[in-house]
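# Structural overview
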Amino acid sequence: MELLSRLMGPAPARKATDDVLLLHAMLLMAGADGSIEQSELSTVQAFYDTLPEFKDKSFDELLRLANRLVARCGGIKESITALADIESPAVRKKCYVLAVDIAMASGDVDESEHKLLETMRLLLGIDDDFAAEVTEVLQTKYAI
(Lines give C-alpha, C1' and ligand atoms only; values in the text may rest on other atoms or scores of the structure.)
Protein backbone atom coordinates (compact mmCIF):
# COMPACT_ATOMS: atom_id res chain seq x y z
CA MET A 1 0.00 0.00 0.00
CA GLU A 2 2.85 2.36 0.80
CA LEU A 3 4.43 1.68 -2.59
CA LEU A 4 1.16 2.47 -4.30
CA SER A 5 0.81 5.77 -2.46
CA ARG A 6 4.36 6.74 -3.39
CA LEU A 7 3.67 6.00 -7.05
CA MET A 8 0.38 7.86 -7.10
CA GLY A 9 1.47 10.75 -4.92
CA PRO A 10 -0.27 12.12 -1.86
CA ALA A 11 -4.00 11.65 -1.51
CA PRO A 12 -5.98 14.71 -2.52
CA ALA A 13 -7.11 16.82 0.40
CA ARG A 14 -10.73 16.22 1.31
CA LYS A 15 -13.05 19.15 0.95
CA ALA A 16 -14.26 20.59 4.21
CA THR A 17 -17.81 19.73 5.17
CA ASP A 18 -20.55 22.34 5.43
CA ASP A 19 -20.47 22.33 9.24
CA VAL A 20 -16.73 23.04 9.29
CA LEU A 21 -17.13 25.77 6.69
CA LEU A 22 -19.99 27.33 8.65
CA LEU A 23 -17.89 27.51 11.82
CA HIS A 24 -14.96 28.79 9.77
CA ALA A 25 -17.09 31.59 8.30
CA MET A 26 -18.31 32.66 11.73
CA LEU A 27 -14.76 32.79 13.07
CA LEU A 28 -13.57 34.70 9.99
CA MET A 29 -16.23 37.33 10.55
CA ALA A 30 -15.55 37.51 14.29
CA GLY A 31 -11.89 38.20 13.54
CA ALA A 32 -12.37 40.42 10.48
CA ASP A 33 -11.00 43.48 12.25
CA GLY A 34 -7.85 41.65 13.37
CA SER A 35 -9.01 40.35 16.74
CA ILE A 36 -11.91 38.45 18.21
CA GLU A 37 -13.60 40.38 21.01
CA GLN A 38 -15.27 38.52 23.86
CA SER A 39 -18.72 39.63 22.67
CA GLU A 40 -18.02 38.23 19.20
CA LEU A 41 -16.73 34.97 20.67
CA SER A 42 -19.86 34.76 22.83
CA THR A 43 -22.02 35.25 19.74
CA VAL A 44 -20.18 32.50 17.86
CA GLN A 45 -20.52 30.20 20.87
CA ALA A 46 -24.24 30.91 21.15
CA PHE A 47 -24.75 30.08 17.48
CA TYR A 48 -22.64 26.93 17.86
CA ASP A 49 -24.74 25.83 20.84
CA THR A 50 -28.07 26.31 19.03
CA LEU A 51 -27.61 25.50 15.34
CA PRO A 52 -28.62 22.04 14.13
CA GLU A 53 -25.47 21.70 12.00
CA PHE A 54 -23.43 21.45 15.20
CA LYS A 55 -25.70 19.15 17.22
CA ASP A 56 -23.70 16.40 18.93
CA LYS A 57 -20.44 17.58 17.34
CA SER A 58 -17.23 18.46 19.09
CA PHE A 59 -16.33 22.14 18.91
CA ASP A 60 -12.63 21.25 19.33
CA GLU A 61 -12.76 18.79 16.42
CA LEU A 62 -14.54 21.24 14.11
CA LEU A 63 -12.09 23.96 15.13
CA ARG A 64 -9.17 21.62 14.37
CA LEU A 65 -10.62 20.94 10.92
CA ALA A 66 -11.21 24.67 10.33
CA ASN A 67 -7.59 25.38 11.28
CA ARG A 68 -6.46 22.65 8.88
CA LEU A 69 -8.49 24.40 6.18
CA VAL A 70 -6.68 27.68 6.89
CA ALA A 71 -3.30 25.92 6.65
CA ARG A 72 -4.28 24.14 3.42
CA CYS A 73 -5.40 27.43 1.85
CA GLY A 74 -2.20 29.22 2.81
CA GLY A 75 -3.57 31.62 5.41
CA ILE A 76 -6.65 33.17 6.91
CA LYS A 77 -7.33 35.66 4.12
CA GLU A 78 -6.93 32.99 1.46
CA SER A 79 -9.15 30.54 3.32
CA ILE A 80 -12.27 32.57 2.64
CA THR A 81 -12.38 31.11 -0.86
CA ALA A 82 -13.21 27.72 0.67
CA LEU A 83 -16.68 29.05 1.53
CA ALA A 84 -17.57 28.54 -2.14
CA ASP A 85 -17.41 24.79 -1.35
CA ILE A 86 -20.51 24.93 0.86
CA GLU A 87 -22.84 22.52 -0.88
CA SER A 88 -26.21 23.19 0.73
CA PRO A 89 -28.05 26.28 -0.55
CA ALA A 90 -29.69 26.60 2.88
CA VAL A 91 -26.31 26.55 4.64
CA ARG A 92 -25.01 29.16 2.18
CA LYS A 93 -27.83 31.50 3.17
CA LYS A 94 -27.45 30.67 6.85
CA CYS A 95 -23.72 31.36 6.61
CA TYR A 96 -24.37 34.83 5.23
CA VAL A 97 -27.05 35.59 7.84
CA LEU A 98 -24.73 34.53 10.66
CA ALA A 99 -21.83 36.55 9.26
CA VAL A 100 -23.97 39.70 9.11
CA ASP A 101 -25.28 39.01 12.62
CA ILE A 102 -21.75 38.63 14.01
CA ALA A 103 -20.60 41.82 12.26
CA MET A 104 -23.50 43.81 13.66
CA ALA A 105 -23.31 42.30 17.15
CA SER A 106 -20.12 44.20 17.91
CA GLY A 107 -21.58 47.59 16.99
CA ASP A 108 -20.94 49.48 13.78
CA VAL A 109 -19.79 47.40 10.83
CA ASP A 110 -16.31 48.67 9.98
CA GLU A 111 -14.63 48.70 6.56
CA SER A 112 -12.87 45.34 6.99
CA GLU A 113 -16.12 43.67 8.05
CA HIS A 114 -18.00 45.28 5.17
CA LYS A 115 -15.41 44.01 2.67
CA LEU A 116 -15.52 40.52 4.15
CA LEU A 117 -19.32 40.47 4.01
CA GLU A 118 -19.28 41.50 0.37
CA THR A 119 -16.70 38.83 -0.45
CA MET A 120 -18.76 36.23 1.39
CA ARG A 121 -21.91 37.36 -0.41
CA LEU A 122 -20.26 36.84 -3.77
CA LEU A 123 -18.62 33.51 -2.87
CA LEU A 124 -21.84 32.14 -1.41
CA GLY A 125 -23.94 33.30 -4.38
CA ILE A 126 -26.21 35.48 -2.25
CA ASP A 127 -28.33 37.83 -4.36
CA ASP A 128 -28.69 41.52 -3.59
CA ASP A 129 -32.33 41.26 -2.54
CA PHE A 130 -31.67 38.57 0.06
CA ALA A 131 -28.64 40.47 1.36
CA ALA A 132 -30.73 43.63 1.72
CA GLU A 133 -33.47 41.74 3.60
CA VAL A 134 -30.94 40.22 5.98
CA THR A 135 -29.37 43.61 6.62
CA GLU A 136 -32.74 45.25 7.26
CA VAL A 137 -33.85 42.58 9.73
CA LEU A 138 -30.57 42.55 11.61
CA GLN A 139 -30.41 46.35 11.75
CA THR A 140 -33.80 46.15 13.47
CA LYS A 141 -32.45 43.52 15.86
CA TYR A 142 -29.50 45.71 16.87
CA ALA A 143 -31.26 49.11 16.77
CA ILE A 144 -31.10 51.11 19.95
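Residues numbered from 1 in each chain as written. Predicted model: local features only at pLDDT ≥ 70, side-chain atom pairs only at ≥ 80, totals over all residues. Heavy atoms only, no water.

### Quick notes on unusual backbone geometry
Phi is positive for aspartate 56, close to 60 degrees, though the residue is something other than glycine. Mapped onto the secondary structure, aspartate 56 falls in the loop between helix H3 (38-50) and helix H4 (59-73). According to the relative accessible area criterion, aspartate 56 is exposed, its value standing at 76%. (Helix = DSSP H or I, 4+ residues; strand = E, 2+ residues; numbered from the N terminus. Buried < 20%, exposed > 50% of the residue type's maximum accessible area, 1.4 Å probe, protein only.)

### Regarding helix H8 (residues 128-142)
Look at H8: 21 Å from first C-alpha to last across 15 residues, which is about the 21 Å you get at 1.5 Å a residue. Along its buried surface, H8 packs onto helix H6 (89-105) and helix H7 (111-124). One side-chain oxygen of the residue at the start of H8 lies 3.0 Å from the amide nitrogen of aspartate 129, identifying that residue as aspartate 127. (Expected span 1.5 Å × (residues − 1). Contact = heavy atoms within 4.5 Å. Polar contact = N/O pair within 3.5 Å; in protein donor to acceptor, adjacent residues only side chain to side chain.)

### A closer look at H6
The end-to-end C-alpha separation of H6 is 24 Å, in line with the 24 Å expected for 17 residues at 1.5 Å each. Where H6 is concerned, the buried positions are Val91, Arg92, Cys95, Tyr96, Leu98, Ala99, Val100, Asp101, Ile102, Ala103 and Met104. For H6, the elements touching its buried residues are helix H2 (18-30), H3, H7 and H8. Two or three places before alanine 90, at the start of H6, stands the capping residue serine 88, its side-chain oxygen 3.2 Å from that residue's backbone nitrogen. Immediately beyond the C-terminal end of H6, within one or two residues, lies glycine 107, with a positive phi of roughly 110 degrees.

### Focus on the nonpolar core
One finds Met26, Met29, Phe54, Leu83, Met120 and Leu124 to be the most contacted residues of the largest nonpolar core, which totals 41 residues. Among the elements of the structure, H2, H3, H4, H6, H7 and H8 are those that each provide at least two residues to this core. Top element by residues in this core is H2. It accounts for 10 residues. In contact with methionine 26, not counting residues within four places along its chain, are Val44, Phe47, Phe54, Leu98 and Ile102. (Core = buried A, V, L, I, M, F, W, Y, C linked by side-chain atoms within 4.5 Å.)

### Details of the pattern of salt bridges
Side-chain pairing between opposite charges can occur once the charged atoms of the two side chains come close. Applying the stated rule across the entire model yields 8 salt bridges. Note that lysine 94 and glutamate 53 form a salt bridge whose closest N and O atoms lie 2.8 Å from each other. Of this pair, lysine 94 sits in helix H6 while glutamate 53 sits in the loop between H3 and H4, and the two are 41 residues apart along the sequence. With relative accessibility at 17%, the residue glutamate 53 sits in the buried group. We note a salt bridge from glutamate 61 to arginine 64, for which the minimum N-O separation is 2.6 Å. One end of the pair, glutamate 61, and the other, arginine 64, are both in helix H4, 3 residues apart, so they sit about a helical turn from each other. Through salt bridges with shared partners, a single network forms among Glu118, Arg121 and Asp128. (Salt bridge = Lys/Arg side-chain N within 4 Å of Asp/Glu carboxyl O.)

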